[in-house]
Structures are given as structure tokens and as C-alpha cells.
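Descriptive analysis of the structure
Here is what each chain is made of, one letter per residue.
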Amino acid sequence: MKLMIFSESKDERRGTPAGRPAFGRVGRRGRVPGAGRRRRGRGGRECRPWAGPPAQSSCLPAQAGLGAPAKRSGRPPLPALWFLGRRAGRGWPRHRRGAGQEVGARRPGAVLGLRRGSATRRAGDSGPRGTRRGTRASAETMAEEEGPTVELRQRKKLKSSENKESVKEEKISDTPIPERAPKRRYSVLLVLEAVLRPKVILSTSGPDVLFQRFAKIFIGCLAAVTSGMMYALYLSAYHERKFWFSNRQELEREITFQGDSAIYYSYYKDMLKAPSFERGVYELTHNNKTVSLKTINAVQQMSLYPELIASVLYQATGSNEIIEPVYFYIGIVFGLQGIYVTALFVTSWLMSGTWLAGMLTVAWFIINRVDTTRIEYSIPLRENWALPYFACQIAALTGYLKSNLNTYGEVHEVYKIYIFSLFLGYLLQFENSALLVSPLLSLVVALMLAKCLQLNVKKGTFIAKIMKVINFYLVCTLTVTLNIIMKMFVPHKENGHMLKFLEVKFGLNMTKNFTMNWLLCQESLQAPSQDFFLRLTQSSLLPFYILVLIICFLSMMQVIFRRIGGKSLKETITLEDERIGGRPEIIYHVIHTILLGSLAMVIEGLKYLWTPYVCMLAAFGVCSPELWMTLFKWLRLRTVHPVLLALILSMAVPTIIGLSLWKEFFPRLMTELMELQEFYDPDTVELMTWIKRQAPVAAVFAGSPQLMGAIKLCTGWMVTSLPLYNDDDLLKRNENIYQIYSKRSAEDIYKILTSYKANYLIVEDAICNEVGTTRGCRVKDLLDIANGHVVCEEGDKLTYSKYGRFCHEVKINYSPYVNYFTRVYWNRSYFVYKINTVISFQS
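These notes cover the structure that comes with them. This is a predicted model, so every value here is computed, not measured.

Notes on the overall build of the protein
A count of helical and extended segments in the protein gives 34 helices and eight strands. Relative to its 843 residues, the protein shows a buried fraction of 44%. Counting only carbon and sulfur atoms, one obtains 60% of the accessible surface of the protein, whose full area is about 45900 Å².

A few points about unusual backbone geometry
Of note, the bond from Ser-815 into Pro-816 is cis; its omega dihedral lies within 30 degrees of zero at 10°. Of note, Leu-293 is a non-glycine position whose phi angle comes to about 60°, a positive value. You can see Leu-293 is positioned in the loop between helix 8 (277-285) and helix 9 (298-302). Given a relative accessible area of 58%, Leu-293 falls into the exposed group. Even without glycine at this site, Asn-813 takes up a positive phi of about 60°. Along the chain, Asn-813 turns up in the loop between helix 33 (806-809) and helix 34 (817-820).

A look at the packing of aromatic side chains
In this description, a pair of aromatic rings is defined by centroid distance and the angle of the planes. One pass over the full model with this rule turns up 31 aromatic pairs. A ring pair is formed by Tyr-265 and Tyr-268, whose centres lie 5.5 Å apart and whose planes are at 40°; its orientation type is tilted. Remark: Tyr-268 and Tyr-265 occur in helix 7 (residues 260-273); sequence separation between them is three residues, near one turn of the helix. The class of Tyr-265 is buried, set by a relative accessible area of 3%. With a centroid separation of 6.4 Å and an interplanar angle of 55°, the aromatic rings of Phe-532 and Trp-610 are classed as tilted. Highlighted residues: Phe-532 in helix 21 (residues 530-538) and Trp-610 in helix 24 (residues 607-622), separated in sequence by 78 residues. Under the relative-accessibility criterion, Phe-532 is labelled buried at 0%.

Details of the pattern of salt bridges
The full count for this structure, using the stated rule, is 22 salt bridges. A salt bridge links Glu-324 to Arg-253; the shortest N-O distance between them is 2.6 Å. With Glu-324 in the loop between helix 10 (305-316) and helix 11 (325-352) and Arg-253 in helix 6 (residues 250-255), this pair connects stretches of sequence that are 71 residues apart. Put simply, Glu-307 and Arg-382 hold a salt bridge, and the shortest N to O gap is 2.6 Å. Here Arg-382 lies in helix 14 (residues 382-404) and Glu-307 lies in helix 10, a separation of 75 residues in the sequence. Its relative accessible area of 1% is what places Glu-307 among the buried residues. Look at Arg-382 and you get buried, because its relative accessible area is 18%. One connected set of salt bridges, linked through shared partners, spans Asp-371, Arg-535, Glu-604 and Lys-607.

Considering the sheet that holds strand 6 (residues 760-764)
On the basis of which strands lie adjacent, the open sheet formed by five strands has the order 5-4-6-8-7 and mixed pairing. Strands at the two margins of the open sheet, each flanked by one partner only, are strand 5 (718-719) and strand 7 (821-826). Of the strands in this sheet, strand 4 (700-702), strand 5, strand 6 and strand 8 (830-835) are in contact with helix 28 (residues 705-714), which crosses strand 6 at around 125°. Helix 30 (residues 746-755) contacts strand 4, strand 6, strand 7 and strand 8 of the sheet and is inclined by roughly 75° relative to strand 7.

Quick look at the side chain of Arg-805
In this fold, Arg-805 is placed in the loop between helix 32 (779-787) and helix 33. What makes Arg-805 buried here is its relative accessible area of 12%. Here Tyr-741 takes part through its backbone oxygen, which lies 2.9 Å from a polar atom of the side chain of Arg-805. With sequence-adjacent residues up to four places away left out, Arg-805 is seen in contact with Tyr-741, Ser-742, Lys-743, Lys-780 and Asp-784.

Topic: the side chain of Glu-764
With respect to the helices and strands, the residue Glu-764 is situated in strand 6. The charged side chain of Glu-764 is buried without a salt bridge, its nearest counter-charge being Lys-811 at 11 Å.

Considering the pairing of strand 6
Buried residues dominate strand 6, accounting for five of its five residues. Burial of strand 6 is two-sided: the residues Tyr-760, Ile-762 and Glu-764 facing one way and the residues Leu-761 and Val-763 facing the other way are all buried. Looking at chain direction, strand 4 and strand 6 are connected through two bridges and run parallel. Looking at the pairing, Ala-702 lines up with Leu-761 of strand 6. Taken together, the five bridges between strand 6 and strand 8 define a ladder with antiparallel strand orientation. Each bridged residue has a counterpart across the sheet, and for Ile-762 the counterpart in strand 8 is Val-832.

A closer look at the environment of Ala-357
Examined against the element boundaries, Ala-357 turns out to sit in helix 12 (residues 355-367). Take Ala-357: its relative accessible area is 0%, and that puts it in the buried class. Each C-alpha atom, one on Ala-357 and one on Ala-618, is 8.8 Å from the other, the two residues being 261 residues apart in sequence. Excluding residues within four positions of it along the chain, Ala-357 makes contact with Ser-348, Ser-352, Ala-619, Phe-620 and Cys-623.

Considerations on helix 17 (residues 439-453)
With 15 residues, helix 17 extends 21 Å from end C-alpha to end C-alpha; this agrees with the ideal 21 Å at 1.5 Å per step. For helix 17, the full list of buried residues reads Leu-441, Ser-442, Val-444, Ala-446, Met-448 and Ala-450.

A few points about the packing of helix 12 against helix 24
At their nearest, the axes of helix 12 and helix 24 sit 8 Å apart, and the two run at 145° to each other. The chirality of how helix 12 crosses helix 24 is right-handed. Contacts between helix 12 and helix 24 involve Ala-357, Leu-360, Thr-361, Trp-364 and Phe-365 from the former and Pro-612, Cys-615, Met-616, Ala-618, Ala-619, Phe-620 and Val-622 from the latter. Looking at the contact of helix 12 with helix 24, its residues break down into 11 nonpolar, one polar and no charged.

Some details on the state of the cysteines
Enumeration according to the criterion identifies two disulfides in this entry. The residue that forms a disulfide with Cys-521 is Cys-777, at a sulfur-sulfur distance of 2.1 Å. Between Cys-521 and Cys-777 the disulfide shows an S-S torsion of about -75°. By sign, it is left-handed. Of the two residues, Cys-521 is situated in the loop between helix 20 (514-520) and helix 21 and Cys-777 in the loop between helix 31 (765-768) and helix 32; the sequence distance between them amounts to 256 residues. Sequence-ordered numbering of the bonded cysteines in the protein yields a pairing of 1-3, 2-4.

Topic: helix 8
Buried within helix 8 we find Gly-280, Leu-284 and Thr-285. For helix 8, the angular spread of buried residues about the axis comes to 130°, placing them on one side. Of the surrounding elements, those touching the buried residues of helix 8 are helix 7, helix 9 and helix 10.

About the thresholds
- Residues numbered from 1 in each chain as written.
- Predicted model: local features only at pLDDT ≥ 70, side-chain atom pairs only at ≥ 80, totals over all residues.
- Heavy atoms only, no water.
- Helix = DSSP H or I, 4+ residues; strand = E, 2+ residues; numbered from the N terminus.
- Buried < 20%, exposed > 50% of the residue type's maximum accessible area, 1.4 Å probe, protein only.
- Areas by Shrake-Rupley, 256 points an atom, 1.4 Å probe, with all protein chains shown as cover.
- Phe/Tyr/Trp six-rings, centres within 6.5 Å; stacked < 30°, edge-to-face > 60°.
- Salt bridge = Lys/Arg side-chain N within 4 Å of Asp/Glu carboxyl O.
- Pairing = 2+ DSSP bridges.
- Contact = heavy atoms within 4.5 Å.
- Axes fitted to C-alpha atoms, helices over the stretch in contact; angles between N-to-C directions.
- Polar contact = N/O pair within 3.5 Å; in protein donor to acceptor, adjacent residues only side chain to side chain.
- Lys, Arg positive; Asp, Glu negative; His and termini not counted.
- Expected span 1.5 Å × (residues − 1).
- Left-handed = near helix turned anticlockwise from the far one by under 90°.
- Nonpolar A, V, L, I, M, F, W, Y, C, P; charged D, E, K, R; others polar.
- Disulfide = S-S within 2.5 Å.
- Arc of directions from axis to C-beta.

Take a look at the structure:
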């Protein structure tokens, strides 16, 4: 490498100044050893090769006619890379050849490997670059021109004779003198800092740096893509082993889609059967063949954009001639899960700076997949389509915050991106007014308005602190005001059932409503169990996550209090600054994970959104030297250098964790792939086969919502209800149909079913004879509480119905049940009754 420093004046470009001693000796041919070509720097500054420690500042603006001799101090200032040769606690090292002789005085051209100039300009030339001359100049002529420099050297040589002096001078000028490298001891702190966060001080060999950077990025990207592909292949192999999918018929494959998953896949099949894409979309948006007496916009109500895109890709790519529709569908979902893992890998890599954090994130994600994804149990769920895109957005935002968020302009760009995304979602979701009345939209607008009204006040003053308080109050006030105004002028539907659900969830209210209590009894809407935390602890994920979260949160609060106090912070954060909480992407992820964790502690279903975040954040922390450095700074570690120990731990800790996880969990994963499982449900297969063969095409079936979803998928027949909980009318239908398991009369049940134009009733023995582990959460118990037939709480009076439970009584085949219902099919799990057309009712 070639190191360039700057000269002090413009006169030095023309030669050695008359009033300044030279660093090197004068050769026989009049050359100054180490002199080379001069270069012009930026802004009219003159640059020359370094010939030893500079006397003053390394670069000054060039001024014509500046010929005053430079003032030399006893201890010259240090060059740009001074720390590479600095002794700890000492000044610039000196040669021991003579008293007062400084570094570079013997042979400046050899310092740091500098080349000797092949052609020099003669001192005293008036041209801007000077002229090169082939004549030789004697040492005496150069001494007269250089003045004090040659006189000083001649005084030192008075002890020897003139003959010996001339002979010695010839040998020095003609024979290269070997370089004597001074003994230097490197400062560990500064060297590590230069390695970890190199500054552009010297012009190194460009291809080597670019190659190293390219190799690092290439290896990291290759590891990220490989991790995603391996995870997708793992899911495919596990799904095949669990359901024995390739050896089953189409009906048996479709039965594996349970509940709402069956509804989503059924619309994918309808799109493939449509004569054209436009016709298929119209039939979905004006669907009257799914729920009786009801026309629904299935695309809006069920978010069927994934099915629309999958059907288009299946037909446009010609896959209908290569692969079956079900394999294409689940293949897309598994591929998205691979993208999901890759996005988590990249996010952790961006935050920590090493792809080792990405590998640890993937390992934790797969090991804790019971708590990170539901892909194993229900493939077409909306979260399996949405979370990969959400993870990609998080990765992109992390990279943006890490590189660009330095001024308010970049923050303003983030706000604009959010507003644009919100309005795009508003249009794609068929003008969903709930997005416009969102409190978050009002908050973003309030922040933008408050920033426009903010005054420029000197930081650290009392007025600045008062203005911060006023600005905070203004943001809160504007947020509430804008949200109220939006709700006044934008027509929207209040989520009353959601508010009631939260009130009952937190014990603020009591209700006997069947739908509300049934939702509270669902496992996904309950609080996480102890097994959840135990699993995360066994994989060492939860302890490291708590450690990383505490350090990042405390560091973030420390930075916030410093800014409130008016202390200035450096824009460029180094390893020693103990300011990991001052990085914008860290602040964002800490706030995000705290909010998601708070929700996951209340509703277990949200753990599938929070646990992947836990994997990513914990892996980033243990692989980040900045986090360990922050911890050691707080602990005031003295025995070992904090930077060195932080670097060691950021490599050693994830390596130890990875080896322990490999030893304990890798055999389990291999065992799961080798074990052949089987999904066997012959009763459901027989029921679907009978419906397709015996039931009329226009028949309407009534039963539990989960079973109705499977009937819609496997047979295509119309049903009375669906397993969807975002529509009040469907929720009311589900409650009414569930009355077949209550203590109601045959006449009441008959009126309910005929009001929905039902032709067939299916009674499930598993619900009728349900033995629940949770007290009061069985369907029949919830119905008895809602109907007032029995009260399970202590201290309340118990009441009973004069009618028996309908699902039991209808099986006996006695009057009046046989007058309304006729059994047409049954097996061990299902009883199918045809609803009779009667003229009069019997008591």
C-alpha cells in the first residue's frame, strides 16, 4: 500500500524550502532520498509522499508565496496511522543512533515501505511542476540552497576528514542503506477497533478489500438461501411421513384439511374449475353457493388473495400437466415457509453483522417449531401465507433503519411508506374502513404535524426541555383528536364483540353468551401454558432472550435519558461506546418484541408471531460484540480487555449453543423424519362418500361448523354455517346450529333448522358424548349455561330442563322426534337425519 500525507505549503512542491531542514540526506547526485512525485489534493491542497513525522498539521491550504520556514517542535505530531507504532503510554519512538535524531531522519524514503523517487524536481524551479535535469549537482551546491539543513549536517561531520566524508557520502548515495525497523508494540484496543470498524485513511489494495467483502456477503447469502431450502424440504418430508400423502386418494388427502383450512382450499378448487379467471373472481365475490340464504364476498371476508394467486400460477405455468393441484398448493406454502426462515436469517445477520447469528436463528426456529408455526397441523391458514411477507418487511425495514435513519428526512420517509401501505391495503380489502379509523394512522399523522410545528431551540437548555414536553403533549392531543374526527366522518362498524371479549378475558365482566364463552375456551385464545415456557427454556432460547432484551432495553433507556438531558451523542457508534441501545434498528425491535410479547402473554395464538421474533433477537444478541461490550462496560471489567473478551464471547457463545443444540435435538429431528405415521379417519371418508352418492345436489347440510367446512371441500354441497368468527351473522348461525346438542325440544330444533332451509342434519357423537378436560368448556355445558338449564357456579340455584338432550333423544327413534327427523345414515362417529316436511306439529 502507498500512504499519502499532505505538505504544508505550496513552495514545497517546487523543492525543499530554503528555511526548512530536510528529513533526508543530500546524495551525491543532488537527490533527496524518498522524494517522489507531488500530488495535488482536494481544495487546492498539495500532497507529497511521507518522509517521516510531519512538523505540523498534515495538510494546509496552498498559498502562493508562502516561504516562511516551518516551526519544528521537539515532538512531532503523529501521522494518520500513528496508533500502529505507538507504545502504550509513550510518545513517538526514536532511533538510538544519536541524541535528538528523530524517526525518518536517516532514511525517510524507507519508512513504512515507501519507494524512493526516481525523478525529483530541482529546488528553485519556478514552474508549477518544475523541470527535470540530467546534470549532476554537487553536495556543496545543494547545501547552499538548503541552508540550515546542510550546515547542520556539516557541523556533525567536522570530526572526520574531508576525504573520508566525501567517500562516505558517495557510498551512502549509491548503496541502498538497509532499513532499521524500530521496535514497536501494538495497542490491542486500537488495532481491534481498526479491524472491526476500519476507516478510510489509507488507500489499500482495492481488489483484496472488495474480494473479502464479496466473499462474506456471498457466504452469508448462500447460508441464508440454503437454510430456507432445507427447511422447506424438511417440511415436505415431514408432511409426507405424517399423512402418507402420496399413497392416498384425493378424498383422503382433502380430509386432512380441517376446519377453516378446508374452506380456503375449497375456493382454490373452485377457481381451478372456473371457465376463466374473471368468471372465477366474480363467483367468489358474489358467492351464494356456500352458505344457505346468504350471499357473501368470499374474497373480502376470508382474504382469498393467496388462493387467487395460486390458481393463476398453476394455470399460467402449465403445472396442470405436471403436478396435481394439491401438491402445487402445499408446495407454494412450504416454499413461503422457506422464505420466512431466510428473512429471519437476514434480519439477524443485519443486526449482528455476522451470518452466524442467522444460523442460530434458524436452528432455534426449527427446534421450537411447535411454538413458532402451525404449518404441521393446518397448511392453508392465513398466517402461513402472511408471516413470510411480514418477515420480509421486517428485514427490509431493519436494513433501512441501519443504514439511512440519521435525520428526520429518513424518518419522514418511513412515515410516508406506512401511509402508502395503509391506503393500498384499504383499496385491496374492498375499502375496509377499519384501516382509516386506526389509531396508528392518527399517531403517524400527528407525529408529522408536530415535527412541522417544532421550533429550532438550542439543545441542552431549559427552553429545549420545555419544548420537548410541549411536543409530547401536542402529539398525544393530535392523535386523539384526529382519531375522533376520522370516526365521525368515516362510516365504519364498531368491533363490539371484540371489546366484550377483552372485558370477559380480563375478568372485567361476566357473560352467559355461548359464543363468547366458547371463544374463551379455545386453546389459541387462552393464556400460554407452563409447557410453553418450559420448552423454550429447554432449548436455551428463553434465558438468552431475556438477557439480550434486558441489556438492549436498559441501554435504550440510557440513551433516551441522555438525549433528554441534552447530552450530545456521536453519530458513528464504535465498539467502545456501550451504546447498542442507540441504534435505530435495535430500538425498533426492542419496542416491537415487547408489544408482541405482551399480547402473546394474554393470547396463546399470538405466540406464533412472537416466538420467531424471540429466536431472531436472541441470536442477534449472543453474536453481537456490541452487546457484550455494553455489558462489560457496565460491569467495569478490568482483568481482561473488554473489547477482546467481547469478540471472543460473540464467537464462542453461539458456537457452544449450536453444538449443544446439535447434540440434543438433531437426533430427534432425524427420528421424526424416519418414523412413518398415518392419518386414518375411515368414518369421515365413509360419510363424504355417502353424501356424494346419495344426497341430492341441491341439498343443504347442518352440523358443527368444523364438519361443514370439510363437507364444502370434499363434496361441494351447500351448508348452513362456516367456521369463521369475523362475521356476526355467521356467529349467530353457529350458536343456533349448536342447539342440537342442548336440552331443547324437537320442535325448537326443527324450527331452527328449517329457518335456514336445511335438508339434512348431522350429529357428531364426539360432541354429544364429549368428555372435556376443562370444566365448563364442553359445548353442551356452554349451551346449558347460555340457555339457563343448569348453573355450574357455586352458590347459584341449579335448574333443569324438562327435555332431554336432543342429540341423545333423537337416536332413540320415538315420537315426537321421528315425526320431524328420519335417520338415513350412521356409523360409529356420525348420524345423518333427513329433516321431514310435516304439516302439523305434535306435542
